[in-house]
Amino acid sequence: MDIIEFLQQHTLYLDGGMGTLLQEKGLLPGELPERWNLIRPEVIRGIHRDYFRAGAHVVNANTFGANSLKFGEQELDEIIAAAIANARAAAREVGGSQPRWVALDIGPTGRMLRPYGDLDFEDAVEIFAKTVRSGVRHGADLIFIETMNDSYETKAALLAAKENSTLPLFVSNAFGEDGKLMTGASPAAMVAMLEGMGADAVGVNCSLGPRALSGVVREYLAHASVPVILKPNAGLPRVVGGKTVYDVTPDEFAAEMREAVELGVRAAGGCCGTTPEHIGALVGACEGITPARITKKQITCISSYTHAVVLDREPILIGERINPTGKRRFKEALLAHDMDHILKEGVAEEERGVHVLDVNVGLPGIDEPSMLSEAVCALQAILDLPLQIDTSDPAAMERALRRYNGKAMINSVSGKRESMDAVFPLAKKYGGVVVALTLDEQGIPVLAEDRVAIARRILAEAERYGIDKKDLVFDPLALTVSADHTAARETLRALSMIRRELGCHTSLGVSNVSFGLPQRDLVNSTFFALALANGLSAAIMNPHSAEMMSTYAAYRALAGLDERCAAYIDYASALPCSAYAEPPTSGASRAQGREGGSELQTAVIRGMRERAAALTAELISTCSPLEIIEREIVPALDAVGVGFEKKTVYLPQLLMSAEAAGAAFEVVRGHMKNRHATDRSAVVIATVKGDIHDIGKNIVKLLLENYGFAVTDLGRDVPPERVVEEVLRLHAPIVGLSALMTTTVPSMEETVRLLREHAPFCRVMVGGAVLTAEYAEAMGAHAYAKDAMEAVRCAERLEREYTGHPR
């Protein structure tokens, strides 16, 4: 029985922590645990053996950090070969009839991907691919991608695994206390993307204890049609008698995990702080539980890097403005490679309340594959709406889908054989909800029945590729009523038949119906209302049309989708003041906490780097540099920071805003007599010895610099003595230390100790996924920052303590 078949019938037990056990066995601060596969194989085999004896079906080989960023090609291959051999040997030594598998364990690189970091997506794919190819070569049974806190890096790892192996693929992400990934993704968004790409099991690991992750687990179970994984920590770490311990005992862990298995979790194990005793207790506690049946959820949804949009009773608005058809200014922008214009169109549509953006850049004279991919990446850098990738060029479609962060809407496929052969393989590989046009080699049928017949043929062909009907949305095509007075009637009939007979969702480009008629918005809005009444799921429309938005608001109230008509009342109350309805509150206005704001503030909040620099250059002729900083840049940064702290703005938006603010600062500084006039206290930051994960540190650096601190970044894997040396050289009053891995916390403790001894004037703040405020206090740190904005607040407080007055 293979592992996928086993999962369908049984609960699969996984192993627990590795790093914390290696520390107990003598792993030194800063020492790379993967090298123990070669130099201490008996220890690694012993840990695997204990997990198998405790009842685990799967152990992860000791390859979590085995990648080409840490190791040369030959050493990497030797480490992976030894790791898999050690796990395989442990399984043989335990013996017995229980099925056992060895997973190639893949953790994050420790680097952020562009545009928020310096690692290109394709470079990340190749880093993971090297590990995958080695794991396959040396006999891994499956690939386990885990502890990923960024959806984009998760996609890179999964894509590398798919392109370089045929092994079963398990993917597990690390969620925070807010139920989101570090870069903002919800559980529903991750399920949408990972299932769409073909992961065999998805779930949650690390972060917190079982009970603290129960909300995330429930959301996974509600959305996933594949087995759900749970590998939580043994609670939170604390220091007792100089040792790091976790606060959930094996019995408590087992009791909490039993609840999760009863809810439907199908693969259960542990992460940091868990031991063979925890896994043994888990297996014993779950004995006799009949696994809950894994059901197909039939949820039609797309996702961005933050959230999923579900096509259900609530009609979805797809903004149509990022499209050159009939738009002279947009054509000019494409030919001039004016990305700023494209971004402004996207921002404007989001502010008008659309749920999805259609992105079409097809125009003679441009490189469509390159431009479409660039536009998708640029839009995703500043907006969190899902995108509909709109092109008839398969090469452009693939390039954009590959770079897209989430599960996109794919516009489109048709009933033509050539179209289905080109589009369905892309949808299968990258995931997506495919818009299917009811036309074929003979054109668009006149009658609704014939359009539905094409839809049936498309469904059958999609099934051949393994694409479920939930991932198809049918567009029965709105034709021009001025050319055929029955055209609108047949489209409406087709909408109704597709929903009723096929059970599928639908989409329409609404404005096509009025072509050639005067007062087109009147025709469009009436047709829109009729289409909604006939089951339209999603409309590609102009959100700047007051008539269309009014129809949408009124329909929601009449269809029972607007409780107490609250949204309609808010909308209608704005109508006398404006020719257009006021949009629902967007992510940017949530960040501002108010309507309006200057153009420069909006550019900073939105993360529009080039526009922020250009607007600052304009302002500098009428305002002093200090005025621009105090009245424009800092208030915008503060607005985004407050949004981040309130969880209405997520890390990518925070980073892009900081980048835009940095661009504005550079213009201002160029006009200041003293280029360093805005500098505050000196801050030395570093990722501690043995830890190469510098994502958090780099984010903190960016924000501190934008708030005027003079930051010296020592990089990653920094020895304690080097930190002390730099603090003494600069007489820096503040140090920031980062650690992601439990195995590197002792290095942080040693660094804090040396700073206390040799630089007692210095205040130390610490942060990282494995730390808590209690843990930080126990090691002697002055402050603990759980995220980048809190690091800024801590630095401001520590600066006040040092200087004795506010800045």
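Residues numbered from 1 in each chain as written. Predicted model: local features only at pLDDT ≥ 70, side-chain atom pairs only at ≥ 80, totals over all residues. Heavy atoms only, no water.

We now examine the confidence of the model for the protein chain. This prediction gives the protein chain a mean pLDDT of 91; 96% of its residues lie at or above 70. Low confidence marks residues 578-595, where pLDDT is under 50. Its contacts with residues over four positions away, or in another chain, come to 35 contacts. (pLDDT = per-residue confidence, 0-100. Contact = heavy atoms within 4.5 Å.)

Its place among the elements puts Arg-45 in helix H4 (residues 41-54). One polar contact links Arg-45 to Asn-86, side chain to side chain, over a distance of 3.4 Å. (Helix = DSSP H or I, 4+ residues; strand = E, 2+ residues; numbered from the N terminus. Polar contact = N/O pair within 3.5 Å; in protein donor to acceptor, adjacent residues only side chain to side chain.)

As a further point, take the packing of helix H12 (residues 328-335) against helix H13 (residues 339-351). The contact between H12 and H13 brings their axes to 8 Å, and the two run at 135°. Put simply, H12 runs oblique to H13. Residues Arg-329, Phe-330, Ala-333 and Leu-334 of H12 lie in contact with H13, whose contacting residues are His-341, Ile-342 and Glu-345. Of the residues belonging to the contact of H12 with H13, the class tally is four nonpolar, one polar and two charged. (Axes fitted to C-alpha atoms, helices over the stretch in contact; angles between N-to-C directions. Parallel < 35°, antiparallel > 145°, perpendicular 65-115°, else oblique. Nonpolar A, V, L, I, M, F, W, Y, C, P; charged D, E, K, R; others polar.)

This part is about a negative patch on the surface. Taken together, the side chains of Asp-247, Asp-251, Glu-252, Glu-774 and Glu-777 make up a negatively charged region of the molecular surface. Along the chain, Glu-252 turns up in helix H10 (residues 250-263). A residue is classified by how much of its surface remains accessible, and Glu-252, at 39% relative accessible area, is partly exposed. (Patch = residues over 30% accessible without salt bridge, like charges linked within 9 Å, V, L, I, M, F, W, Y side chains within 5 Å. Areas by Shrake-Rupley, 256 points an atom, 1.4 Å probe, with all protein chains shown as cover. Salt bridge = Lys/Arg side-chain N within 4 Å of Asp/Glu carboxyl O. Lys, Arg positive; Asp, Glu negative; His and termini not counted. Charge placed at Lys NZ, Arg CZ, Asp CG, Glu CD. Buried < 20%, exposed > 50% of the residue type's maximum accessible area, 1.4 Å probe, protein only.)

Moving on, we get to the side chain of Asp-787. As for its position among the elements, Asp-787 is in the loop between strand E25 (783-784) and helix H31 (788-803). When its relative accessible area of 17% is taken as the criterion, Asp-787 is described as buried. A polar side-chain atom of Asp-787 sits 2.9 Å from the main-chain amide nitrogen of Glu-790. Excluding residues that lie within four positions of it along the chain, Asp-787 makes contacts with Phe-644 and Lys-647.

The next subject is the pattern of salt bridges. Throughout the structure, instances matching the rule amount to 45 salt bridges. For the salt bridge of Arg-556 with Glu-314, the shortest nitrogen-to-oxygen distance reads 2.3 Å. Placement of Arg-556 in helix H20 (residues 546-558) and of Glu-314 in the loop between strand E12 (308-310) and strand E13 (316-322) is noted, with a sequence separation of 242 residues between them. For Asp-440, the salt bridge goes to Arg-457, with nearest N and O atoms at 2.7 Å. Separated by 17 residues along the polypeptide, Asp-440 in the loop between strand E17 (433-437) and helix H17 (448-464) and Arg-457 in helix H17 bring together distant segments of the chain. The class for Arg-457 is partly exposed, based on a relative accessible area of 45%. Among the charged side chains, a salt-bridge network with shared partners connects Glu-122, Glu-163, Arg-402 and Lys-429.

When a strand is regular, its side chains alternate between the sheet's two faces. For strand E6 (residues 201-206), a buried count of six out of six residues is recorded, marking the element as mostly surrounded by other parts of the structure. Pairing analysis gives four bridges linking strand E5 (residues 169-173) to E6, with the strands arranged parallel. Bridge assignment links Phe-170 to a residue of E6, and that residue is Ala-201. Running through helix H8 (residues 187-197), the crossover from E5 to the neighbouring parallel element E6 is right-handed. As defined by bridge partners, E6 adjoins strand E7 (residues 228-232) across five bridges and the pair is classed as parallel. For Gly-203, the partnering residue across the bridge sits in E7 and is Ile-229. The parallel pair E6 and E7, bridged by helix H9 (residues 214-223), forms a crossover whose chirality is right-handed. (Pairing = 2+ DSSP bridges. Right-handed = clockwise from strand over helix to strand, strands pointing away.)

In this chain, Arg-114 is followed by Pro-115 through a cis amide linkage whose omega measures 10°. Assignment of secondary structure puts Pro-115 in the loop between strand E3 (101-106) and helix H6 (121-137). With a phi angle near 60°, Thr-147 is a residue other than glycine that sits in the positive phi range. Inspection of the secondary structure puts Thr-147 in strand E4 (residues 142-148). Unusually for a residue other than glycine, Cys-206 sits at a positive phi of about 65°.

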